[in-house]
Amino acid sequence: MSALGRAARSDSDALVRQAAANSLNLIDREAARRTLIDNLRYAAERLAEENIVLVVEAINSFDMPGFFLNRSGETIALLDEVGSPNIKLQYDIYHMQRM
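Only a predicted model underlies this, so the values are computations on that prediction, with no experimental measurement involved.

Novice: Just checking my understanding: could you explain the pattern of salt bridges for this structure?
Specialist: Here the idea is simple: oppositely charged side chains can pair when their charged atoms come close. Taken as a whole and assessed by the stated rule, the structure comprises six salt bridges. Put simply, Glu81 and Arg33 hold a salt bridge, and the shortest N to O gap is 2.9 Å. With a gap of 48 residues between them, Glu81 in helix α3 (residues 72-82) and Arg33 in helix α2 (residues 29-48) connect regions that are remote in the sequence. With a closest N to O distance of 3.2 Å, Arg46 and Glu49 form a salt bridge. Counted as one network, the salt bridges with shared partners bring together Glu45, Arg46 and Glu49.

Novice: Is there a simple way to think about the packing of aromatic side chains in this case?
Specialist: Each aromatic ring pair is specified by the distance between its two centres and by the angle formed by the two planes. In this structure the tally under the stated criterion is zero aromatic pairs. Between the NZ or CZ atom of Arg29 and the centre of the ring of Phe68, over which it lies, the distance is 4.1 Å. For Arg46, the ring lying beneath its charged end belongs to Tyr42, and the centroid distance is 4.9 Å.

Each value, and the rule that gives it
- Residues numbered from 1 in each chain as written.
- Predicted model: local features only at pLDDT ≥ 70, side-chain atom pairs only at ≥ 80, totals over all residues.
- Heavy atoms only, no water.
- Salt bridge = Lys/Arg side-chain N within 4 Å of Asp/Glu carboxyl O.
- Helix = DSSP H or I, 4+ residues; strand = E, 2+ residues; numbered from the N terminus.
- Phe/Tyr/Trp six-rings, centres within 6.5 Å; stacked < 30°, edge-to-face > 60°.
- Lys NZ or Arg CZ within 6 Å of the ring centre and 35° of its normal.

What follows is the structure in structure tokens.
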């Protein structure tokens, strides 16, 4: 059994949380966005094999300047582009009320 399989079986509602990297030093934000989309699609496919949900969270730019995703609208648009049913938005009211 794979490590993902063991994780999924240890918790009936297994979730994996994704954290986008700090983007302060990125030269090409669009290239980074495309890479993130590709990586999320890959992760979603692997996690779906084990019935695991991946959650993506936007973080406010005050507490974590340069965090790649910091608005719910842009995060939802990104998830729509990824198009995987096992990727969900983790909506953190604290972070979004700060924006």
